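Summary of the model geometry
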Amino acid sequence: MGVFASTDDPGSTGHEQVVFCQDKQTGLKAIIGIYSTALGPALGGTRFYPYASEEAALADVLDLSRGMAYKNALAGLDLGGGKAVIWGDPEQIKSEALLRAYGRFVESLAGRYYTACDVGTYVADMDVIARETRYVTGRSVEHGGAGDSSILTAWGVFQGMRAAAEHVWGAPTLAGKRVGVAGLGKVGKYLTKHLLDDGAEVVATDVNPKALEWVRTTHPQVELVDDASALVAADIDVYAPCALGGALNDDTVPALRAKVVTGAANNQLAHPGIEKLLADRGILYTPDYVVNAGGVIQVADEIEGFNFERAKLRATKIYDTTREILQLADDEGVPPAVAADRLAERRMADVGRLRSILLR
Ligand SMILES: NC(=O)c1ccc[n+]([C@@H]2O[C@H](COP(=O)([O-])OP(=O)(O)OC[C@H]3O[C@@H](n4cnc5c(N)ncnc54)[C@H](O)[C@@H]3O)[C@@H](O)[C@H]2O)c1
C-alpha cells in the first residue's frame, strides 16, 4: 500500500492538494481532491465509479471538489471543499478490505479531508471506512451518524423555493401554485409532502413504477404526467428537477412554462450559458448547489455529534441564503448562478483570510 503521488497543485486548477492512492492487493485506486481548506477541513463524498480512464476520474474529482467548496461556503459551514473518487466498478471490486484501505488513506490526511457518501457508496460503506478513520460522515444512526440525508435535502429545497416564490410573487409560500416535481425518489417524495402541506398543487413524473405507485397510494391528489418533457410543457408555476443532472438544456428551457426552477438534482445546467438562457426567458433559477445543500448540512453535523434539530435550523437558513443571492443578482444585474458563485468566493476570501491573524 502506498501513496504514489501527493502534490500541491496551485497551478491551473487552483486545487490545494490532489492525492493519488493505490493498494494493489485490494485493487484500490482512488484520488482525493482538496480544492480549498480556507474555511476548514475539506468535506465531500466518495464517488465509486467505473471511469473510462484515470484522466476521466481525475477530471471528475477536480470538478466535484471545487463544487463542494462553493456549496459548503454558501451552506454557512466551517468546512472547505473536497471530494474523492474510487476508480472501478463497485459491483466487481468493492470489499471490506478495499474500503478499509481507502479509510487508511483518508486517515493519513490527518483531518484535512472528511469523506461521505456519493454515487456508488452508501451509509453501510461509511461504517466500514470509519473502522480505519475518524474523518468520515454519513454513517448509520447506530454508529452515531446522521442517517438519510435526503430528509434535510428536501427541506432545504423547499426553503429555497419559498425564497424564489417570495421574489417572484411577493409571498414566501407555494400555496395556490402548481409545482412540477420530476423524480419521486428519496428527495422528491419528501419535497412533495412539504409542498402539499404548504397548499401547493403538485404535478409529478417518474420512470420507476414503484415511485408512481407510492404517490398514487399516499397522495392521490398529485397529478401524474407521462415524462419529464410533458412536465416541462405543462402549465406549472415552478419546475423542480429531482432526478438526474442536465435537466435544463437547449431543448427544455425554450419549452419551459414555469416562472421558477428550484430542485434537488445536481448539475441541472447542461452547459455554461444555460443560466443566461433562463434569465433571458424571465425564468428565475435558484442554483442547485445552494438549495440542495441540506444533505451536506445534515452529514456535516455529525462532526459535532449529530443533532437533527440543530441541522434542521441550519438547513432552514437556505431560505435566507437564497434571498440574499437573488437580491445580489438583481443588484449586480447577473443571473443568480453568477451571484451565488460571487457570494461563495467572497466568504472563502473574507473568512479564509482570518487565518493570517496569528493565534500563538
Ligand atoms: N439525497 C440527497 O441527500 C441529495 C443531496 C443533494 C443532491 N441530491 C440530488 O438530487 C437528485 C435526487 O436524489 P435522490 O436521493 O432523491 O435520488 P433517487 O435515486 O432516490 O431518486 C431519483 C428519482 O428520479 C427518478 N428518475 C430517474 N430518471 C428520471 C427521468 N428521466 N424522469 C423522471 N424521473 C426519473 C428515479 O426513478 C428516482 O425515483 C439527484 O440528482 C441527487 O444527486 C440528492
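Since the structure is predicted, the reported quantities are computational estimates derived from the model, not experimental observations. (Residues numbered from 1 in each chain as written. Predicted model: local features only at pLDDT ≥ 70, side-chain atom pairs only at ≥ 80, totals over all residues. Heavy atoms only, no water.)

1. Considerations on the site of the ligand
- In the neighbourhood of the ligand, 18 residues make up the surrounding shell, with Ser149, Thr153, Val187, Asp206 and Ala243 lying closest.
- Lys186 is positioned such that a nitrogen or oxygen atom in its backbone is 3.0 Å from an oxygen atom of the ligand.
- One of the backbone nitrogen or oxygen atoms of Ala243 is found 2.7 Å away from an oxygen atom of the ligand.
- For the ligand, whose free accessible area comes to 830 Å², the fraction covered by protein is 72%.
- For the shell around the ligand, the secondary structure elements donating two or more residues are α5 (150-169) and α6 (186-198).
- In the shell around the ligand, the residues fall into eight nonpolar, eight polar and two charged. (Near = heavy atom within 4 Å. Polar contact = N/O pair within 3.5 Å; in protein donor to acceptor, adjacent residues only side chain to side chain. Areas by Shrake-Rupley, 256 points an atom, 1.4 Å probe, with all protein chains shown as cover. Helix = DSSP H or I, 4+ residues; strand = E, 2+ residues; numbered from the N terminus. Nonpolar A, V, L, I, M, F, W, Y, C, P; charged D, E, K, R; others polar.)

2. Focus on the environment of Val106
- Tracing the chain through its elements places Val106 in helix α3 (residues 96-108).
- We classify Val106 as buried; its relative accessible area is 0%.
- Through-space distance from the C-alpha of Val106 to that of Thr133 is 6.6 Å; in sequence the pair is 27 residues apart.
- Apart from residues lying up to four places away in sequence, Val106 is in contact with Ile32, Tyr113, Thr133 and Tyr135. (Buried < 20%, exposed > 50% of the residue type's maximum accessible area, 1.4 Å probe, protein only. Contact = heavy atoms within 4.5 Å.)

3. Looking at the packing of α5 against α6
- Between α5 and α6, the least distance of the axes is 8 Å, while the angle of their chain directions is 45°. Here α5 lies oblique to α6, going by the angle between them. Every pair of crossing elements has a handedness; the one defined by α5 and α6 is right-handed. Where α5 approaches α6, its residues Ser150, Ile151, Thr153, Ala154, Trp155, Val157, Phe158 and Met161 are matched on the opposing element by Lys186, Val187, Tyr190, Leu191, His194, Leu195 and Asp198.
- Of the residues in the contact of α5 with α6, the class split is 10 nonpolar, three polar and two charged. (Axes fitted to C-alpha atoms, helices over the stretch in contact; angles between N-to-C directions. Parallel < 35°, antiparallel > 145°, perpendicular 65-115°, else oblique. Left-handed = near helix turned anticlockwise from the far one by under 90°.)

4. What to know about the domain arrangement of the protein chain
- When its domains are assigned, the protein chain resolves into domain 1 (17-68 + 80-147) and domain 2 (150-291 + 326-342).
- Computed from C-alpha atoms alone, the centre-to-centre distance between domain 1 and domain 2 is 30 Å. (Domains from an automatic or database assignment.)

5. Overview of the UniProt feature "active site" (unreviewed entry) in the protein chain
- When the UniProt feature table is mapped onto this chain numbering, "active site" (unreviewed entry) sits at Lys83.
- Position of Lys83 among the secondary structure elements: in strand β6 (residues 80-87).
- Here Lys83 is in contact with Ile31, Ile32, Gly33, Gly44, Gly45, Val61, Leu64, Ser65, Met68, Tyr113 and Asp118, once residues within four sequence places are set aside. (UniProt positions renumbered as here; feature names shortened; annotations may be inferred.)

6. Comments concerning the packing of aromatic side chains
- Per the stated rule, a full pass over the model turns up four aromatic pairs.
- Ring plane angle 65° and centroid distance 5.1 Å describe the contact between Tyr49 and Tyr51, whose orientation is recorded as edge-to-face.
- For Tyr49, a relative accessible area of 41% corresponds to the partly exposed category.
- Just above the ring of Trp87 sits the side chain of Lys29; from NZ or CZ to the centre is 4.1 Å.
- Above the plane of the ring of Tyr319 lies Arg162, whose end atom (NZ or CZ) is 4.6 Å from the centre. (Phe/Tyr/Trp six-rings, centres within 6.5 Å; stacked < 30°, edge-to-face > 60°. Lys NZ or Arg CZ within 6 Å of the ring centre and 35° of its normal.)

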